[in-house]
Structure formats: structure tokens, C-alpha cells
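One-letter residues, chain by chain:
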Amino acid sequence: MARSVPAWLRHPLGWRSAPIPWTAVLRGALSAGPLLALGVLTGHLSQAVLAGLGAMLAGVNDRPGTRRTGVVHVGLPAVGGAFGLLCGGLVADAGSRWTAVPALFVVGWLSGALSVTGPVWSAAAMQCLVTASIGAGMPIPGPAWLKAVCYLGGAAWLLLLRFLLRAPRHMLRRGARREGEREAVAAVFDALADALLALGGPDAEPARRRLIATQHRADESLRLMRLLPFPGRRDGRGSAQAHRITERFTAATALCEAGIALLWEGRPLPRHVAEAPRLLAAAVRTDSAPGALASPVSDTVQRGAFDRALLAAAVTFDRTALRGTPVQPVLPVQPVPPIPPESYESGEPTRPVRAPRPPRPSLKARGARRALRELTVRGSLRTLGRVFAPARRENALRVALCVAASTAVALSLHQTHWYWLPATAAFLVKPDLGPLFSRVVNRVAGTATGVLVFTGLTLAMAGLGGLWWLVAVVAAGGALIPVATRHFGFQTAVVTLLVLSFVYALGDTEATAARLLDTALACGIVLLVGHLPHLTDPRVRVGHRFAVALHRTERYLRHVLDDPGSAPTTSDGASGTAATAAAPPRGGDATGIALRYAAYRALSEARAAAETAAAELPGPHRAHRHDWLAVMARAERIVDAATVCAVRVEQGVPRPTATEARWVTEALAATADALEGGRGTPMPTLPPVPKDCRSLRDVMTELHGIQSLTAVT
């Protein structure tokens, strides 16, 4: 019965289950409520409301993670919100009310273009647009710069609470300063064990996706640990802990790379082998050695790679264990037996695999440089330079039209407090919050619920007098925000309750009834603009995400297969094969790891876009809708095959010939360009499928499948 209901009808009722983050609940209760109480005590209500607004929106982005990830995930959107409030305040001070329409069109264009970049930039762009609408349409006394400072102060207050309030177990154990990073690395080993246990079963693909997501979170946590060192003894215990965590994550990276090769192979492992990463996870949490691990049984290239990575990880853990920790015996350090001839695929040599690679040097310097490139001005300029790509242009125009039209309607209906309509449109048009129809339904239901609850509270508290009951409402609403993020309707109800409390504190006591009408109008505008024929083609919006993933896979595969020092291939291929076999492997170096992470990160963003497109309300492009989830499955197999190719080359399997490598990388780039081009762009003609390399053969097979699924009809 559930499958017979269309996805666009099921999605509004979906609820994301997760444990209750009690520490975040406590932070939410202590964020906006005390700020409003301080304003009531001192008589500076307008400044307190702006600070409370900043704390509220910062709480929406207060997700689980380390303290440093909180600085980025909360701080960057807060800076965007302060900038939007500054722009909105300057527009309000300009004198002409209708100046807000072109001003918010420009802000909406930039916000829509930046929203395609990634989740953090998307949150920053949305906060900028929402606060620009509030700054222009909410009559709050004071200069524009002071409003921005108050808003930023509220977000900073929540960040301070994030630093001070931590789970009790983190405060009692030794090394608590790095507890978040340590737990992130341990979670990688746990996710790898789950994926290995699922080998050969229906849960293998979901387990692999969870493994990749866990790796991304750990990689981000460690990059920020190097980029944002907190005050402390840089050369003492703190730096030793950071080095230990970094070295162990390096071992986890190599082990996960080999684990993905095993997932590609699809052969189930013995349970004691699959559970070995859990011993490493426990050792990460206790800063100890893992103890005895499974003995190596290298009967295939992929299993040989895993055994060597496991051996290297055990050696790394023993070397980095805390002094005084009893070290138990680990894997016997002995040569792994050669792979028998029958285990090789056709065309591969019957020879022992390559010896384990030596431990990599510390990642501190190059990791900090890479993080700086991604988070500072250079990365931002690259982001702004791609504003006019097709997907960015389409999303930017859709957001700008929705917000500008909502602003024009709001100015026609209201003399003051007209911010609600464009701010609602800004929330609704954000694509990574789910399908459009689902967002509209949940927005209406959530707003109605919030208005009814606030109206009931107003009637119940009318006899009390004063504003202290509002402080209690804001504190309770702040505590609900970390839980409300699981469902857009629930989140909308809580945010509506908080915003109405702030507005009521400023003296607008008649705002509740008008908010329902404004919300309905904003939903109608967004639905209308969101289904215009030239602004909703999923081939542009979703195809862009897949194009990015394929382009990054092509760069990773080109790096793995590139051998500039090889001799020219002769007619029989002998010279080229010998040269490539002698060349050092490149997939496991720092550049290869960064390129592989980039490919998988783009793939996860493509999956989110594909799942959203699959649950959209059927619109004008229904006849041309592609099965993006099937495209997603093939794209995932392409990136997995590229990873397997790197693992096999590292294990001594000869590189493919230069001609085959060029065929595959050019086919990846051409298919990505066709997906990026959007509607009407024909797919390229693919070259022959390589015959002597299983992994590259899989890449070409999946590319043929993607072309058949996305063919222009």
C-alpha cells in the first residue's frame, strides 16, 4: 500500500529519526531566552530581539560535530546573516520603500547561485536572504551596522555555549580537548566494520554510503583541527594528541580504500575479519593498541590490499599508543603469501602483490593548506566565478523571482512589517530542504500550528502583564529547535512561535492573523514560479550535481593512471606495460586522497538532489523525467570502480595502457559536460570498452547505462 502512494504525497509525512541531542537542547534553552530576558531588564528590547534572532538561526545550524565544525557550520551562516541584515537595514534607510524590490532581487540572485555550492554555503546564502528581508521590512530603531552587530552577537553567544557545554563523559575523560575528533575517527572504523559485515547482502550499498559520509565528517573535523588550533600547549600533550589522531585517521583512510575494493568485489568476509575495525575503533577511543587482529588470507588482489592496510594500521596504532598502555601482540609481521594464479582475472600477472607502503608523513602542513584553500578567499572567489553556470543561473533566477515578487506583493498589502512574505519565500525556495510541494505543505501546516499555539498562549497570559512569559516561550522554543530539525513542518512551527514572540516583544501585537495570509501568498508565488517551464528542468538542476561528481571522478582517475615518465607503448603493448608496472602508485598519496574525497563528496550531494527530484510534484517536465535514482546507482559504481583501480595499481597490477586510460577519462569528461549542458544537450559517442582491466570496464559499462537513462527524448 505504501508503495502505491506517490513519493510526492509520502514525503511531507516523512520523519527523520535520530537520538535526542540533549546537550544541543540545553544550548538552545540558554541561547535566545536569556538574551531576551537581558533586553527586558535593561530596556534594550530591539537589540535583544536581533540578538535572539541571531541565536535562533544559529541554533538551526547547530548540528552534531566537533567544536571546530561548529565554528564553520554556525559561524559562516551567521556572518552571512549579519551581512544580509546590514544590506536590508541600508535599504530601509534609503527612504523609498520600493527600492527593496530590485535590492532583494539582486540579493536573491546571489543567494540562489551560492546555494548550489554546498550545504554550508547554502545555509549562509539563505540566512543572508532571510535577514535582508527582515532588515528591510521590520521597523527596528537603530543604525544598520548596530543591527548587524547585535545579530552576530547572538550567534556568537550560541557558539560560546557550544564551547562551554559538552557531554559529561567528554569533560571527565583524559584528552577531552580532542574528544570530538577522536570520536569522529572511531566512527569511521565502526562504519567500516558495518560495511564489511554487509558484504554480499542487500544492505551493502547503504552501509557503503554511511561509511563515505562518516569519512567526510572525520576528514572535515581533522582539517579544521589543523586549521583552527585552539589556545593551549602547542608542543605538549595537545599536539601529541593531534598527531596521534591524525596518524590513526591516515590508517583509517587506507583501510577504507581497501574496504571499498572489497565491497566492489562483493565476496562476504568471515565475521572475525569484518569485526577487526571495531577493535581499532575501541583503540582510538582509549588511545591504546588494538590487540590481536585477524590473520591475513590474501586470496585476491582486493583481499591482499585489505590485509596489508590492516597490518599497517595495527603497526601505526602500536607506534602511537600512549606510553604505559599495555600493548598486546598484533598481526605477525611476515610476508603475505602470493596470490594463486587462479585468483587473478584474465590478463593479470601471477606474481606477489606489492609490499605495504610505508606510513605517510604527517598531514598537518598540507592539510592546513588545503583547508585554507577551501575556506578562505581563494576558494570563495572560485565559487563566485562560477555564478553563471547553467544550474546556478537557473536556481539564482528562480530564487530572485520568488523573493522579488513576494516583496512587491507584501509592499502592496502592508505599510510596515512586510518582511514575512519574502522571508517565507526565501525559506520555501531553498532546494536542499526537500521537494517543493512537501516544503509548501509543511510550511502552511507549521505556520498555522505556530500561530494557533502563540494565539492560545497570548490569550492565556493576557492577565499576567509584562513580557516575562515571552522569555519562557522563547527559551522553550530554543530548546525544541535541535529536535525540530528532523521535520520541516515541526521546524516551521517552532520558528514561527519564536518569531511571533520577538515581534510581540517589539509591540506588534496584531501580527498573528496576517501571517497566515502572508504564508499562503508566499506558497502560491513559490509554487507558480517553481513550476515555470524554463526554471524547473531537473536535467539542469540534478544533472549539474552528477556532472560535478563525474568531473571529479575523472580528475581522480587521471591522477591514478597518469604516468608521465612511462615509455611509449609499442604496437604489442609490451614496453608501455613494463613501464607502467614499474611506476610508483599515486592513488594513495595526499593528492589522490583529496581527489577521491572530492569525488565522493560530490556524489553524496548528487544523491540528495536525486532523492529530492524523485519526490517532486509532477510538473511540465513529467514526460522527460529521468530515473535519477538509477543514474545515482550507476554513478556510485563508477566512483567505486575508480577507487578499485587505484587499489589494484598499488597492489602491483599493471596500469591500463595509455590509450585505454585516455578513452575512459575523456568519456567521463564528455558525459559530465553533456549533463552540465542541461536540456537539449546530446550525449557523446563513447569509445570501445577496455578488455584487460575489470575496473575500467565497469566504468565504461556504467557510463553506457547513464547515457541510456538520460537520453534526450
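Here the structure is a predicted model, which means the values were calculated and not measured.

Participant: Any details on the overall build of the chain? Residues and values, ideally.
Facilitator: In terms of regular secondary structure, the chain is built from 29 helices and zero strands. When burial is assessed residue by residue, the chain has 56% of its 713 residues classed as buried.

Participant: So what's going on with the packing of helix H26 (residues 590–614) against helix H27 (residues 628–650)? Residues and values would help.
Facilitator: Where H26 meets H27, the closest approach of the two axes is 9 Å, and the angle between their N-to-C directions is 170°. Compared by their axis directions, H26 and H27 come out roughly antiparallel. Counting all contacts with H26, which are made through Arg-596, Ala-599, Tyr-600, Leu-603, Ala-606, Arg-607, Ala-610, Glu-611, Ala-613 and Ala-614, the residues of H27 involved are Trp-628, Leu-629, Met-632, Ala-635, Glu-636, Val-639, Asp-640 and Thr-643. Across the contact of H26 with H27, the residue classes break down as twelve nonpolar, one polar and five charged.

Participant: Summarise the pattern of salt bridges; cite the residues concerned and give the values.
Facilitator: Taken as a whole and judged by the stated rule, the model has 27 salt bridges. Of the charged contacts, one joins Asp-62 and Arg-162 as a salt bridge, the two residues approaching to 2.3 Å between their closest N and O atoms. Here Asp-62, found in the loop between helix H4 (45–60) and helix H5 (67–93), pairs with Arg-162, found in helix H8 (residues 144–164); they are 100 residues apart in sequence, far enough to count as distant. Accessibility expressed as a relative area gives 6% for Arg-162, which makes it buried. The residue Arg-319 makes a salt bridge to Glu-247 at a minimum N-O spacing of 3.6 Å. Linking Arg-319 in helix H15 (residues 301–320) with Glu-247 in helix H12 (residues 237–265), this pair joins segments that are 72 residues apart in sequence. You can call Arg-319 partly exposed: its relative accessible area is 46%. One salt-bridge network, in which partners are shared between bridges, spans Glu-183, Asp-190, Asp-194, Arg-271, Glu-275, Arg-278 and Arg-285.

Participant: Go over the nonpolar core with me, naming the residues and quoting the values.
Facilitator: Ranked by size, the top nonpolar core spans 94 residues in total, and within it Phe-189 and Phe-546 carry the most contacts. Setting aside chain neighbours within four positions, we find Phe-189 in contact with Arg-248, Ala-252, Leu-255, Pro-277, Leu-280, Ala-281, Val-284 and Phe-317. In this structure, Ala-51, Met-126, Ala-132 and Leu-497 belong to the second largest nonpolar core, which totals 72 residues.

Participant: With reference to specific residues and values, describe the packing of aromatic side chains.
Facilitator: Per the counting criterion, the structure on display carries six aromatic pairs. Taking 6.1 Å as the distance between ring centres and 35° as the angle between the ring planes, the aromatic pair formed by Phe-454 and Trp-469 counts as tilted. Taken together, the residues Phe-454 in helix H20 (residues 436–460) and Trp-469 in helix H21 (residues 468–484) connect sequence positions 15 residues apart. A relative accessible area of 1% places Phe-454 in the buried class. By relative accessible area, which is 10% here, Trp-469 ends up buried. Measuring from centroid to centroid gives 5.7 Å for Phe-454 and Tyr-504, while their planes differ by 70°, and the two rings are edge-to-face. Taken together, the residues Phe-454 in helix H20 and Tyr-504 in helix H22 (residues 488–505) connect sequence positions 50 residues apart. Chaining the aromatic ring pairs together yields one cluster made of Phe-454, Trp-469 and Tyr-504.

Participant: Provide a residue-level description of helix H19 (residues 420–428), including the pertinent values.
Facilitator: Burial of H19 is extensive: nine of the nine residues sit out of reach of the surface. Within H19, the full set of buried residues consists of Trp-420, Leu-421, Pro-422, Ala-423, Thr-424, Ala-425, Ala-426, Phe-427 and Leu-428.

Rules used in this analysis
Residues numbered from 1 in each chain as written. Predicted model: local features only at pLDDT ≥ 70, side-chain atom pairs only at ≥ 80, totals over all residues. Heavy atoms only, no water. Helix = DSSP H or I, 4+ residues; strand = E, 2+ residues; numbered from the N terminus. Buried < 20%, exposed > 50% of the residue type's maximum accessible area, 1.4 Å probe, protein only. Axes fitted to C-alpha atoms, helices over the stretch in contact; angles between N-to-C directions. Parallel < 35°, antiparallel > 145°, perpendicular 65-115°, else oblique. Contact = heavy atoms within 4.5 Å. Nonpolar A, V, L, I, M, F, W, Y, C, P; charged D, E, K, R; others polar. Salt bridge = Lys/Arg side-chain N within 4 Å of Asp/Glu carboxyl O. Core = buried A, V, L, I, M, F, W, Y, C linked by side-chain atoms within 4.5 Å. Phe/Tyr/Trp six-rings, centres within 6.5 Å; stacked < 30°, edge-to-face > 60°.

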